[in-house]
Amino acid sequence: MGYDFLALYLSVTEEFDDNVQVLEVLERFEQDCASLEEALSRLWGPAESVDLRPYMDLMVRGETVPELPGFLLGVMSDVAVWRFADRSICVGVGASDTHGPVVLVAAAGEL
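Calculation criteria
Residues numbered from 1 in each chain as written. Predicted model: local features only at pLDDT ≥ 70, side-chain atom pairs only at ≥ 80, totals over all residues. Heavy atoms only, no water. Core = buried A, V, L, I, M, F, W, Y, C linked by side-chain atoms within 4.5 Å. Buried < 20%, exposed > 50% of the residue type's maximum accessible area, 1.4 Å probe, protein only. Helix = DSSP H or I, 4+ residues; strand = E, 2+ residues; numbered from the N terminus. Contact = heavy atoms within 4.5 Å. Patch = residues over 30% accessible without salt bridge, like charges linked within 9 Å, V, L, I, M, F, W, Y side chains within 5 Å. Areas by Shrake-Rupley, 256 points an atom, 1.4 Å probe, with all protein chains shown as cover. Salt bridge = Lys/Arg side-chain N within 4 Å of Asp/Glu carboxyl O. Pairing = 2+ DSSP bridges. Lys, Arg positive; Asp, Glu negative; His and termini not counted. Charge placed at Lys NZ, Arg CZ, Asp CG, Glu CD. Axes fitted to C-alpha atoms, helices over the stretch in contact; angles between N-to-C directions.

A. Region of interest: the nonpolar core. If you look at the biggest cluster of nonpolar residues, it comprises 17 residues, and the most contacted ones within it are L52, L68, L72, M76, V79, C90 and L111. Elements represented by at least two residues in this core include exactly α3 (67-72), β3 (78-83) and β5 (102-109). Of the residues forming this core, the biggest block, 3 residues, is contributed by β5. Filtering out sequence-adjacent residues up to four positions away, V79 remains in contact with E48, S49, V50, L52, L72, C90, V91, G92 and L111.

B. Summary view of a nonpolar patch on the surface. Taken together, the side chains of L6, L8 and L10 make up a nonpolar region of the molecular surface, amounting to roughly 280 Å² of accessible area. Mapped onto the elements of the fold, L8 is located in strand β1 (residues 5-12).

C. Representation of the pairing of β3 in the model. Inspection of the sheet shows strand β2 (residues 48-51) paired to β3 by 4 bridges, in the antiparallel sense. In the sheet register, D51 faces β3, and the bridge partner there is D78. When β3 meets strand β4 (residues 88-95), the two strands line up antiparallel, connected through 4 bridges. Looking at β4, one finds that R83 is bridged to S88. In sequence, β3 turns back onto β4 through a hairpin of 4 residues.

D. Structural detail: a negative patch on the surface. Taken together, E14, E15, D17, D18, E24, E27, E30, D78 and D97 make up a surface patch of like negative charges. Considering every element that reaches the negative patch, the biggest residue donor is helix α1 (residues 19-44), with 3 residues. Tracing the backbone shows E14 in the loop between β1 and α1. Accessibility expressed as a relative area gives 67% for E14, which makes it exposed.

E. Examining the sheet that holds β1 more closely. Reading across from one edge, β1-β5-β4-β3-β2 is the order of the 5 strands in this open sheet, with antiparallel pairing throughout. The open sheet has two free edges, formed respectively by β1 and β2, since each of these has just one partner strand. Averaged over all pairs of adjacent strands, the angle between their axes in this sheet comes to 25 degrees, without regard to strand direction. Bridge count for β4 against β5 is 8 bridges, and the pairing is antiparallel. By the bridge assignment, I89 is partnered in β5 with A108. Running at roughly 170 degrees to β4, α1 makes contact with β1, β3, β4 and β5 of the sheet.

Next up, the structure:
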């Protein structure tokens, strides 16, 4: 059985030894993400900013969480989202820990 979402890593780094370098790359990826959000907003209208942390609270309580936010929580705490009748499209940047890797993700599914 497959996942009920599709996620694409648009940019991915290696892990880092230097926290300063991680912050620099994270800033560059956030600028890239902002440019992508701007382009998508011209097509679909303004994005909604969604805080994923409430999904973490649900997971901690043992409640069911849609697969997409569960996946995204592994690397980020918020995403830009465009909602459509049958799916949400989202983009975001994050890192799984202080040493990377840093990722720029585009995803589609239930959010």
